[in-house]
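Chain by chain, the residues:
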Amino acid sequence: AVVSTQSTGQPLATFSSMVQLTVQIGITEAPSSLNPTPDTSPNTSLYLNPPSQSWIQSQVSETLSMLGQHYDPPNNWKQCRHPMQSYYFPKIRTVFTGVPKSGCSNWIEALLRAEGTLKYPLKSTEVYKVHQSISAPHRMVNFLKPGARKVRDNFSFTVVRNPWTRMVSGYRDKLSDEKTQGNDKRWLGMEIVQEMRGVSGPQLYELYPTFLEYLQYLIKHKTTDNVHFMPQHNILCLASARYDYIVPLEYSSVLGREVWGHVNSSVSLLGSYDNVSDPRKQTSAQRAREWFSTIDKQIIDKLYELYKEDFVMLNYSNFTDPNFPLPLH
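Residues numbered from 1 in each chain as written. Predicted model: local features only at pLDDT ≥ 70, side-chain atom pairs only at ≥ 80, totals over all residues. Heavy atoms only, no water.

## Let's talk about the overall build of the protein chain
In step 1: In terms of helices and strands, the protein chain carries ten helices and four strands.
In step 2: Its helices and strands taken in sequence order, the protein chain reads α-α-β-β-α-β-α-α-α-α-β-α-α-α from the N to the C terminus.
In step 3: Residues counted as buried form 53% of the 329 residues belonging to the protein chain.
In step 4: In the protein chain, the proportion of contacts linking residues at least 24 apart, taken out of those at least 6 apart, comes to 73%. (Helix = DSSP H or I, 4+ residues; strand = E, 2+ residues; numbered from the N terminus. Buried < 20%, exposed > 50% of the residue type's maximum accessible area, 1.4 Å probe, protein only. Contact = heavy atoms within 4.5 Å.)

## What about the packing of aromatic side chains?
In step 1: Applying the stated criterion to the full structure yields 21 aromatic pairs.
In step 2: Between F96 and F157, the ring centres sit 4.8 Å apart and the planes meet at 40 degrees, which makes this aromatic pair tilted. Placement of the pair is F96 in strand β2 (residues 94-97) and F157 in strand β3 (residues 155-160), with a sequence separation of 61 residues. Here the two residues F96 and F157 agree in accessibility, since each one is buried.
In step 3: An aromatic cluster of three or more residues is present, and its members are W164, Y171, F211, Y214, F229, W291, F292, Y304, F311 and F319.
In step 4: A cation over an aromatic ring shows up here: R186 above the ring of Y208, its NZ or CZ 3.9 Å from the ring centre. (Phe/Tyr/Trp six-rings, centres within 6.5 Å; stacked < 30°, edge-to-face > 60°. Lys NZ or Arg CZ within 6 Å of the ring centre and 35° of its normal.)

## Describing the state of the cysteines
In step 1: In total, this model carries one disulfide according to the counting rule given.
In step 2: Two residues share a disulfide in this structure: C80 and C237, whose sulfurs sit 2.0 Å from each other. Residues C80 and C237 share a disulfide whose torsion about the S-S bond is about 125 degrees; that sign makes it right-handed. Of this pair, C80 sits in the loop between α2 (53-66) and β1 (86-89) while C237 sits in the loop between α7 (232-235) and β4 (245-248); the two residues are 157 residues apart in sequence, bridging distant segments of the chain. With respect to class, C80 is no different from C237; both count as buried. (Disulfide = S-S within 2.5 Å.)

## Focus on the pairing of β4
In step 1: Of the two faces of β4, the one lined by Y245 and V247 and the one lined by I246 and P248 are each fully buried.
In step 2: Pairing of β3 with β4, which is carried by four bridges, proceeds in the parallel orientation. The residue of β4 that forms the bridge with T158 is I246. (Pairing = 2+ DSSP bridges.)

## With respect to the nonpolar core
In step 1: Within the largest apolar cluster, 54 residues are counted, with the highest numbers of intra-cluster contacts made by L215 and F292.
In step 2: Elements represented by at least two residues in this core include exactly α2, α4 (163-175), α5 (186-197), α6 (211-220), α9 (283-292) and α10 (297-313).
In step 3: In this structure F292 touches W164, M167, V168, F211, L215, I300, L303 and F319, once residues within four positions along its chain are discounted.
In step 4: One finds F89, L111, L122 and Y245 within the second-largest nonpolar core, a separate group that totals 26 residues. (Core = buried A, V, L, I, M, F, W, Y, C linked by side-chain atoms within 4.5 Å.)

## A few points about the confidence of the model for the protein chain
In step 1: Overall, the predicted model of the protein chain reaches an average pLDDT of 85, with 83% of residues at or above 70.
In step 2: Overall, residues 1-42 carries pLDDT values under 50, and its contacts beyond four positions in sequence, including any with other chains, amount to 77 contacts. (pLDDT = per-residue confidence, 0-100.)

## What about the environment of P121?
In step 1: For P121, the location among the structural elements is in the loop between α3 (104-115) and β3.
In step 2: Residue class for P121 comes out partly exposed when judged on its relative accessible area of 49%.
In step 3: Discounting chain neighbours no more than four positions away, the residues touching P121 are E109, R113 and L270.

## Quick word on the side chain of E178
In step 1: Mapped onto the elements of the fold, E178 is located in the loop between α4 and α5.
In step 2: Residue classification places E178 among the buried positions, given a relative accessible area of 16%.

## Regarding the sheet that holds β4
In step 1: With respect to topology, four strands assemble into an open sheet ordered β1-β2-β3-β4, the strand pairing being mixed. Of all the strands in the sheet, just β1 and β4 have a single pairing partner and so form its edges. Across the sheet, the mean angle from the axis of one strand to that of its neighbour is 20 degrees, orientation sign disregarded.
In step 2: Alignment of β1 against β2, held across four bridges, turns out to be antiparallel. Bridge pairing in β2 places Y87 opposite F96.
In step 3: Across the sheet, α3 lies against β1, β2 and β3, angled at about 165 degrees from β2, the strand it touches most. (Axes fitted to C-alpha atoms, helices over the stretch in contact; angles between N-to-C directions.)

Set out below in structure tokens:
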């Protein structure tokens with residue numbers, strides 16, 4: 001992929017404005033995720049242990065408070081902003097909200113197998129098929145109609161991701177010239193190029209946006225209405241439903257076993273596209289560190305402002321932190 005290093009200032013050196021922002025939104029102490037000073041102590045490895053669900057729920061409550069919202073039981077899936085992103089599997093009595101670019105395709109594939117809808121595991125090159133007709137009967141919108149089966153008291157979970165690595169994944173998979181299983185948002189890539197460069201005509205079909213142009217587009221449009229790039233909290237049903245489990249993608253291999261225990265299924269995920277087990281050393285984390293370090297600090301600050309609720313939701317580490325992309329808990 002082509003990564004532009006052109007910016008109007010020096011590479012990111014400090015993150016003082018983000019620390020200042022946390023004070024303004026009511027956090028009495030700046031989260032360590034925004035601390036640009038690397039912590040080289042042995043305790044950095046402690047974050048490899050997943051956070052507890054009680055800690056995650058407290059972070060979600062803080063996120064809702066920032067949004068001026070709160071959860072009122074019981075669960076009401078009708079109030080979700082994006083009901084097409086939630087799925088119900090009646091045989092295993094499970095609700096799943098899929099956040100694009102947070103591993104949702106693999107989870108939907110596994111849930112379809114646990115439900116019995118899918119009789120065999122898909123190849124990694126075929127996982128895209130789970131977003132087609134095979135999963136359509138399980139989309140939540142089918143169960144919100146009058147007389148439809150009630151889904152209120154079923155086990156529910158979702159998977160979220162560090163916003164920095166999610167931005168990089170969205171760019172690589174959907175917009176860049178990198179050969180991936182995605183690239184189905186080619187129209188958006190051409191729209192970005194046209195808007196950022198003033199280019200039009202047939203030549204657009206040969207051009208791809210740079211990473212910097214993609215970030216500038218997100219800022220200009222205050223993210224986007226495309227679910228692959230919008231903040232994750234806008235996709236989740238946080239105010240209208242409480243998830244029994246919120247799984248950080250960075251801990252899917254560990255917490256996934258707990259989820260399958262609740263579902264009472266021996267099914268497992270297809271696995272990550274990255275063979276490295278330590279999420280801090282995976283390609284997405286390394287790319288994010290490298291690419292964002294070339295971006296002007298003002299752009300970084302604006303991006304953080306747009307996605308700040310997603311950072312707070314799991315106290316996600318900044319790309320300058322040695323524990324990036326893990327939640328700091």
